[in-house]
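# Tertiary structure, described
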Amino acid sequence: MALNLGYTIHATENISFGPSAGLNYTTGEVDGYTERNGGLANLIYPDHDFKSMIGRLGGYATFKTATAAGKLTTQVSAGWAHVFMPENGNVTAGFETSPFAFVKGNNVQSLGGFTASEERPHVGTDWLELGATSRLDIKNTDYNVQLGYQGMFGRKNASGHFGSAKIGYEW
């Protein structure tokens, strides 16, 4: 579920800007699994449920330019994000068969399954998001080309970068 708000201020015919705010809530489940054909090293990972709520405050600016190739529209954005429900707790996984055995004289006995838990890394709850997208509407055609970038900066123990390239046809 997402709620996003914004307001556009038209400074000129080709320049606009405005504030933006959003709240995103996500819930889901990662199904557990047991690996197969790994011999003594089949990994067991249990089901995992998750919830996340992220708030965002920021702004954007849009610039339109006529070029020899067509109309170029560029939008840049910057914002602050905050996680209101950070994931805590442990991640647990195990081997279907323990790599350990108890040996007493001529008798060897498997110790059964083996599991281990590790505390999830504590990623930061605040970060900076920067983005830029340019779209060229190719002159005298219904085609367009779009390039985009979105980055996450300044978050403890985490970063993210997403790039996109799209070709479109208006019909």
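Look up: the structure comes first, before these words.
## Some words on a nonpolar patch on the surface
There is a patch of nonpolar side chains on the surface, built from Ile138, Tyr143, Val145, Ile167, Tyr169 and Trp171 and spanning about 750 Å² of accessible area. Within the secondary structure, Trp171 sits in the segment after β14 (160–169).

## Topic: the side chain of Thr73
Locating Thr73 in the fold gives a position in strand β7 (residues 70–83). Assessed through its relative accessible area of 19%, Thr73 is described here as buried. When neighbours within four sequence positions are excluded, Thr73 is seen to be in contact with Thr62, Phe63, Lys64, Thr133, Ser134 and Arg135.

## A look at the pattern of salt bridges
Per the counting criterion, the structure on display carries 3 salt bridges. Put simply, Glu129 and Arg56 hold a salt bridge, and the shortest N to O gap is 2.8 Å. With Glu129 in strand β12 (residues 126–138) and Arg56 in strand β6 (residues 48–66), this pair connects stretches of sequence that are 73 residues apart. Judged by relative accessible area, which is 14%, Glu129 ranks as buried. Connected through salt bridges with shared partners, the residues Arg135, Asp137 and Glu170 form a single ionic network.

## Brief notes about the pairing of strand β1 (residues 2–6)
By the criterion of burial, β1 is predominantly exposed, with just 0 of the 5 residues buried. Pairing geometry for β1 and strand β3 (residues 15–30), over 5 bridges, is antiparallel. The residue of β3 that forms the bridge with Gly6 is Ser20.

## A short note on the side chain of Ser16
Secondary-structure assignment places Ser16 in strand β3. Sequence-distant contacts of Ser16, defined by excluding residues within four places in its chain, comprise Thr8, Ile9, His10, Ala11, Tyr60, Ala61 and Thr62.

## Some details on the packing of aromatic side chains
All told, the structure shown has 1 aromatic pair when counted by the stated rule. For the ring pair Tyr143 and Tyr169, a centre distance of 4.9 Å and an interplane angle of 55 degrees mean the geometry is tilted. Pair noted here: Tyr143 is in strand β13 (residues 143–153) and Tyr169 is in strand β14, with a separation of 26 residues, a long-range link. Overall, the relative accessible area of 44% leaves Tyr169 in the partly exposed class.

What counts as what
- Residues numbered from 1 in each chain as written.
- Predicted model: local features only at pLDDT ≥ 70, side-chain atom pairs only at ≥ 80, totals over all residues.
- Heavy atoms only, no water.
- Patch = residues over 30% accessible without salt bridge, like charges linked within 9 Å, V, L, I, M, F, W, Y side chains within 5 Å.
- Areas by Shrake-Rupley, 256 points an atom, 1.4 Å probe, with all protein chains shown as cover.
- Salt bridge = Lys/Arg side-chain N within 4 Å of Asp/Glu carboxyl O.
- Helix = DSSP H or I, 4+ residues; strand = E, 2+ residues; numbered from the N terminus.
- Buried < 20%, exposed > 50% of the residue type's maximum accessible area, 1.4 Å probe, protein only.
- Contact = heavy atoms within 4.5 Å.
- Pairing = 2+ DSSP bridges.
- Phe/Tyr/Trp six-rings, centres within 6.5 Å; stacked < 30°, edge-to-face > 60°.

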